[in-house]
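# Observations on the model geometry
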Amino acid sequence: MKARGALRTVAGFEALKGAVALAAGLGLLGLLHHDLHRLALSLIGHVGLSPGAHYPALLLGELDRLQHTPTQWLLLAVAGYVALRWAEAWALWHGAAWGEWLGAVSGALYLPVELRHLLHRPGMAGAAVVVLNLLLVLWLAGRCWQRARRQRSLTG
């Protein structure tokens, strides 16, 4: 695959991540005035789980905590994440150098979290995510390094 096509593929994936985050944020916004605890209890009962079991109890505790959290900060974080993903997608689509830097840095920031997750819950999906993200970070960083080298050779 040519570099331009690969960059546009990555750009499309980044735009998709932004769209998914926007949908999740809008879904959260739509649930703000609902009793999430009661809704979760209903869902837990519907699938035949006990609300006192470990994971359902964790979920209910987190929902109770979430309902007492100022949501404007959460929504601001979602908006910032969406803006960042879409800016990166736009820059990669148009072949802007800063988009490659942003992609390399933001992808590298996820690696420690992904590695930690893989160590605690080993599996093929987690390993694939780590490997693909690492390859993407290395490829984008390599493109940035090559561009910087070319510019240095032209100026000096």
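Residues numbered from 1 in each chain as written. Predicted model: local features only at pLDDT ≥ 70, side-chain atom pairs only at ≥ 80, totals over all residues. Heavy atoms only, no water.

## A few points about the nonpolar core
Membership of the largest hydrophobic core is limited to seven residues, which are Leu 7, Val 10, Ala 11, Ala 89, Leu 92, Ala 104 and Leu 140. For this core, the secondary structure elements donating two or more residues are helix H1 (3–31) and helix H4 (71–93). Per element, the largest residue contribution to this core is three residues, and it comes from H1. Setting aside residues up to four positions removed in sequence, Val 10 forms contacts with Leu 92, Leu 136 and Trp 139. (Core = buried A, V, L, I, M, F, W, Y, C linked by side-chain atoms within 4.5 Å. Buried < 20%, exposed > 50% of the residue type's maximum accessible area, 1.4 Å probe, protein only. Helix = DSSP H or I, 4+ residues; strand = E, 2+ residues; numbered from the N terminus. Contact = heavy atoms within 4.5 Å.)

## Thoughts on the packing of H1 against helix H6 (residues 124–155)
Where H1 meets H6, the closest approach of the two axes is 13 Å, and the angle between their N-to-C directions is 130°. With respect to H6, the axis of H1 lies oblique. Viewed along their axes, H1 and H6 form a crossing whose handedness is left-handed. In this structure, H1 uses Ala 3, Ala 6, Leu 7 and Val 10 to contact H6, whose residues at the interface are Leu 136, Trp 139, Leu 140 and Arg 143. Class assignment for the residues of the contact of H1 with H6 results in seven nonpolar, no polar and one charged. (Axes fitted to C-alpha atoms, helices over the stretch in contact; angles between N-to-C directions. Parallel < 35°, antiparallel > 145°, perpendicular 65-115°, else oblique. Left-handed = near helix turned anticlockwise from the far one by under 90°. Nonpolar A, V, L, I, M, F, W, Y, C, P; charged D, E, K, R; others polar.)

## Things to note about the side chain of Glu 114
In this fold, Glu 114 is placed in helix H5 (residues 97–120). Not counting the four nearest positions on each side in its chain, Glu 114 is found in contact with Val 129, Val 130 and Asn 133.

## Topic: H4
Under the 1.5 Å per step criterion, the end-to-end length of H4 is 33 Å for 23 residues, consistent within 8% with the ideal 33 Å. Along H4, the residues that are buried comprise Val 78, Val 82, Arg 85, Glu 88, Ala 89, Ala 91 and Leu 92. Summarising the contacts, the buried residues of H4 are in contact with H1, H5 and H6. Gly 95 occupies a position one or two residues after H4 and carries a positive phi of about 70°. (Expected span 1.5 Å × (residues − 1).)

## Side note on the environment of Leu 74
Take Leu 74: it is sitting in helix H4. Setting aside residues no more than four positions away along its own chain, Leu 74 makes contact with Leu 28 and Leu 66.

## Things to note about a nonpolar patch on the surface
Taken together, Leu 22, Leu 26, Leu 29 and Trp 86 make up a surface patch of nonpolar side chains, about 370 Å² in accessible area. The element that contributes the greatest number of residues to the nonpolar patch is H1, accounting for three residues. Structurally, Trp 86 can be placed in helix H4. (Patch = residues over 30% accessible without salt bridge, like charges linked within 9 Å, V, L, I, M, F, W, Y side chains within 5 Å. Areas by Shrake-Rupley, 256 points an atom, 1.4 Å probe, with all protein chains shown as cover. Salt bridge = Lys/Arg side-chain N within 4 Å of Asp/Glu carboxyl O.)

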